[in-house]
Amino acid sequence: MPTDQSPPVTPAQLTFGTHLLEPRPSGALWWPEERLLCVADLHLGKAERVARRTGSLLPPYDTQETLARLEGEIRALHPRCVICLGDSFDDMTSASTLSETDRARLDHLVSVCEWIWISGNHDPNPVDLGGRAQEEFAHAGLRFRHIATELRPDEAEISGHYHPKAQLCHLGRRITRPCFLSDRHRLMLPAFGCYTGGLDAGDAVFDRLLSAEARAWLTGPRLRALPRKALL
């Protein structure tokens, strides 16, 4: 397990395709040139869905906290466009059972800029919440989709779905943080939503999707970058 002894690396930007992108400490991705903000796996309504399906009760604040974090990014960056990379809702019922307060809050966010909902495996159908719904979105050589798929050599893909996370060892303690994973052709975002869990960045599922040169970008108060192979 890598240690957290060296000074933090806080990259302002990473090169992806022919573009400079900024992974944010929050887990959002910012494309400054296009003023485009991208988030993955909000899973709004997860506590409600868990209670509805299993009877187990989670603290019912996940949607409020996730929307507050998203509001903070929009307030700080003033994006022209927001792309949600699928699984924005924990299931389709969750999209229709938002509280009036959460619905109004989300309506306002969607109204202030262009908004694109990418279909996910949890929310495959369009939602009646403004913006526009698409299976995937392509712009300036980058393709935005929910789940990583087969790529041509000239393609560059931004995706979510796997909720990658990584561990550091600091002063003898293990610290787990959501992380971005990237190589030349793929950039995977961490889950932006609360209560989402994650898949360890060293898991074998990423071996078939990422090259040996892939890097992990750990979120948190200070963004930290390290080779993915240091996590294996």
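Described below are features of the structure shown in this document. (Residues numbered from 1 in each chain as written. Predicted model: local features only at pLDDT ≥ 70, side-chain atom pairs only at ≥ 80, totals over all residues. Heavy atoms only, no water.)

**Looking at the overall build of the protein chain**
Here is the rule: In this text, helices come from DSSP runs of H or I with a minimum length of four residues, and strands from runs of E with a minimum of two, each type numbered from the N-terminal end. Each residue is placed in one exposure class: buried if its accessible area under a 1.4 Å probe, protein chains only, is under 20% of its type's maximum, exposed if it is over 50%, and partly exposed if it falls in between. Whether two residues are in contact is decided by their heavy atoms, any of which lying within 4.5 Å being enough.
Across its full length, the protein chain holds four helices and 16 strands. Counting only residues that meet the buried cut, the protein chain has 50% of its 232 residues in that class. A sequence separation of at least 24 residues applies to 67% of the contacts in the protein chain between residues at least 6 apart.

**Section: the packing of aromatic side chains**
What counts is decided by this rule: Pairing of aromatic rings covers Phe, Tyr and Trp, the last counted by its six-membered ring, and requires centre-to-centre distances within 6.5 Å; plane angles under 30 degrees mean stacked, over 60 mean edge-to-face, and any other angle means tilted. A positively charged side chain is recorded as over a ring if its NZ (Lys) or CZ (Arg) lies within 6 Å of the ring centre. The angle to the ring normal must also be within 35 degrees.
Following the criterion strictly, the structure yields five aromatic pairs and no others. With a centroid separation of 5.7 Å and 50° between ring planes, the pair formed by tryptophan 115 and tryptophan 117 is classed as tilted. The burial state of tryptophan 115 is the same as that of tryptophan 117; both residues are buried. Ring-pair connections join several aromatic residues into one group, and the members of that group are Trp31, Phe137 and Phe144. Across the ring face of phenylalanine 192, the terminal group of arginine 69 is positioned such that the distance to the ring centre comes to 4.0 Å.

**Comments concerning the sheet that holds strand β1 (residues 14-16)**
Cut-off, in case you're wondering: The rule for pairing is simple: two strands pair if DSSP sees at least two bridges between them. Lines fitted to C-alpha atoms define the axes, with helix axes restricted to the stretch in contact, and inter-axis angles between N-to-C directions lie between 0 and 180 degrees.
In spatial order, the strands read β1-β2-β3-β4-β5-β6-β7; together these seven strands make up an open sheet with mixed pairing. Since the sheet does not close on itself, it has two edges, and those belong to β1 and β7 (132-134), each with one partner. Across the sheet, the mean angle from the axis of one strand to that of its neighbour is 30°, orientation sign disregarded. Packed on one face of the sheet, helix α2 (residues 62-77) meets β3 (29-31), β4 (36-39), β5 (81-84) and β6 (114-118) and runs near 165° to β4.

**Quick notes on the environment of glycine 72**
For glycine 72, the position within the fold is in helix α2. In the structure, glycine 72 is positioned 46 residues away from serine 26 in sequence and 9.6 Å away in space, judged by C-alpha atoms.

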